[in-house]
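Close look at the chain arrangement
As a plain string of letters, each chain reads:
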Amino acid sequence: MKCRTCGQKAAVNMRQHKLALCKEHYLEWVPAQVERFIKKYRMFSREEKILVAVSGGKDSLSLWDILHRLGYVADGLYICLGIDEGIAYSSESQRLTEEFAAERGLKLQIVNIQQQTGMTIPELSTATMRGRGKSCSVCGLVKRHEMNRIARDFGYAVLATGHNLDDEAAVLFGNTLTWSGEYLLRQGPVLPATPGLARKVKPLCRLYEREMLAYALLRGIEYIYDECPFAVGATSIYYKELLNELENNRPGAKLSFYLSFLEARKKGLFAEPEAIQQELHPCPNCGQPTSAPGLCAFCKMTSKANTV
Ligand code: AMP
Ligand code: FES
Ligand code: ZN
Ligand code: ZN
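The text that follows walks through the structure, step by step, so that each part is easy to find.

So, how was this worked out
- Here, residues in each chain are numbered from 1, in the same order as that chain's written sequence.
- By the order in which they are written, chains take letters starting at A while ligands take numbers starting at 1.
- Given that this is a predicted model, residues contribute local features only at a pLDDT of at least 70 and side-chain atom pairs are listed and counted only at 80 or more, while totals for whole chains, interfaces and linings are drawn from all residues.
- The side-chain figures draw on all heavy atoms in the structure; neither hydrogens nor water molecules are used.
- Here a residue is considered near a molecule or strand provided that any single heavy atom belonging to it is located within 4 Å of it.
- N or O atoms within 3.5 Å of each other form a polar contact, as long as, within protein, one can give a hydrogen and the other can take it, and as long as residues adjacent in sequence are counted only when both atoms are side-chain atoms.
- Note on conventions: DSSP H or I runs of at least 4 residues are helices, E runs of at least 2 residues are strands, and numbering of each starts at the N terminus.
- For this scheme, ten residues count as nonpolar: Ala, Val, Leu, Ile, Met, Phe, Trp, Tyr, Cys and Pro. Four count as charged, namely Asp, Glu, Lys and Arg, and the remainder, Gly too, count as polar.
- Residues are treated as being in contact if the distance between any of their heavy atoms lies within 4.5 Å.
- We call an atom a donor if it is N, O or S and sits within 2.8 Å of the metal, or 3.2 Å for Na, K and Ca. Water is not counted, so some sites may look partial.
- Square planar and octahedral sites, with four and six donors, are those where opposite donors lie more than 155 degrees apart and all other angles lie between 65 and 115, tetrahedral sites have four donors with every angle between 85 and 135 degrees, and the rest are irregular.
- For the exposure calls, accessible area comes from a 1.4 Å probe over protein chains only, and a residue counts as buried if that area is under 20% of its type's maximum, exposed if over 50%, partly exposed in between.
- Any two rings among Phe, Tyr and Trp, with Trp reduced to its six-membered ring, count as a pair given centres within 6.5 Å; such a pair is stacked if its planes are under 30 degrees apart, edge-to-face if over 60, and tilted if neither.
- Ring-over charges, as used throughout, are those where CZ of Arg or NZ of Lys falls within 6 Å of the ring centre and within 35 degrees of the ring normal.

This brings us to the site of ligand 1. The environment of ligand 1 is formed by 13 residues, the closest being Ala53, Val54, Leu77, Ile79 and Gly162. For ligand 1, an oxygen atom lies 2.6 Å from a polar atom in the backbone of Ala53. Between Gly162 and ligand 1, the recorded distance is 2.9 Å, taken from a backbone N or O atom to an oxygen atom. When residues of the shell around ligand 1 are traced back to their parent elements, those giving at least two are strand 4 (74–80) and helix 6 (135–153). Per-element accounting of the shell around ligand 1 gives the leading share, three residues, to strand 4. Here the residues of the shell around ligand 1 are counted per class, giving seven nonpolar, five polar and one charged.

Here's what the structure looks like:
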């Protein structure tokens, strides 16, 4: 297999794009693709202040690297979840993220959930759910809330996450199985800003997980290999396996599933009837917009955890 650009030996072969590239040209191709998606979906400009949520994994560290290479002003946000039993998942990912930032002179904000709420994620989920196994939903809620809070408090115009195509296709698949209209309506490369919430963007949403892995490895980015220990057996992983099987037989199927969805959404297939549009009001405790009566889900959860 030869590089399409220079004819040298290819390092990455992408059957889905009928494209093979050598290391040098692959490391140019990925940022060029990301730049194309940033423009196409009008994610942000070089004048806007960007906050990248970095987990220490290959996707978000690569995203930060790419934005930096493309000349965007992007600070990082690492949320320490306190998941450190068995394997030192949180402390190791924090170390790698801090090293990444220090080596490149990038600004990193760190939020520690234990300091913020009095408990780690495993403790919060035990206190509120009275049992294990529900950490991921508590964790998702906490991460969303803290990302929104930092973006708002520090005046970032936009919040970027490292979700890749495999992540997006798996979520889409799950929401399609249940035809969850409200979620389908909100899923996309850009979620516009609303009063009190920064715009959210996913610049890697059209890049395969495998492409991001190749980027991180060829670029020599040190990232945490381990998955979160609570992710074992998650439905999203099962959906990813199913979609990989489909992709193996029909290269490009994953991308086409996602892109056809975006087209259908653009045509208004998932438009929300006005009757079910939710009224949002600021949470009396933290000020973030919520549809729940009274406290937002985060404040309700943390106050419950601290009173049990
Ligand atoms: P995940 O939900 O773990 O697949 O992560 C999706 C995206 O959320 C990542 O690509 C990051 O941008 C962001 N993210 C996940 N965990 C963290 C964390 N602990 N701190 C900051 N951002 C995170
Ligand atoms: Fe949050 Fe696994 S990363 S529970
Ligand atoms: Zn080449
Ligand atoms: Zn609140």
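In this section: the side chain of His25. Note that His25 resides in helix 1 (residues 23–40). Beyond its immediate sequence surroundings of up to four residues, His25 is in contact with Cys3, Thr5 and Cys6.

It is worth spelling out the coordination of the zinc ion (ligand 4) at this point. All of the protein donors around the zinc ion (ligand 4) are Cys283 (SG), Cys286 (SG), Cys296 (SG) and Cys299 (SG); their distances to the metal are 2.3 to 2.4 Å. Classification of the site at the zinc ion (ligand 4) as tetrahedral follows from its four donor atoms and the range of 106 to 114 degrees in their angles at the metal. Considered as a linear motif, the donors of the zinc ion (ligand 4) on their single chain read C-x2-C-x9-C-x2-C. Residue Cys283 is located in the loop between strand 9 (281–282) and strand 10 (289–290), and its partner Cys296 is located in the loop between strand 10 and helix 12 (297–307); the two are separated by 13 residues in the primary sequence. Look at Cys283 and you get buried, because its relative accessible area is 3%. Using a relative accessible area of 4% as the deciding quantity, one classes Cys296 as buried.

So, on to the coordination of the zinc ion (ligand 3). Every protein donor of the zinc ion (ligand 3) is accounted for by Cys3 (SG), Cys6 (SG), Cys22 (SG) and His25 (ND1), and the metal-donor separations fall at 2.0 to 2.3 Å. The coordination sphere of the zinc ion (ligand 3) comprises four donor atoms, whose angles at the metal cover 97 to 115 degrees; the geometry is tetrahedral. When the donors of the zinc ion (ligand 3) are listed by position in the chain, the intervening gaps give C-x2-C-x15-C-x2-H. Comparing Cys22 with His25 shows no difference in burial state: the two are buried.

In this section: the packing of aromatic side chains. If you walk through the whole model with that rule in mind, you get eight aromatic pairs. On the basis of an interplanar angle of 40 degrees and a centroid distance of 6.2 Å, the ring pair of Tyr238 and Tyr239 is categorised as tilted. A ring pair is formed by Tyr258 and Phe261, whose centres lie 6.5 Å apart and whose planes are at 35 degrees; its orientation type is tilted. Taken together, the residues span about one helical turn, with Tyr258 and Phe261 both in helix 11 (residues 253–266) at a distance of three residues. Of the two residues, Tyr258 and Phe261, neither departs from the other in class, the shared state being buried. Each residue in the set Phe173, Tyr238, Tyr239 and Phe257 is aromatic and connected to the rest through ring pairs, giving one cluster. Above the ring of Tyr156, the side-chain terminus of Lys49 is found at 4.5 Å from the ring centroid. The ring of Phe100 has Arg104 lying over it, and the distance from NZ or CZ to the ring centre is 3.7 Å.

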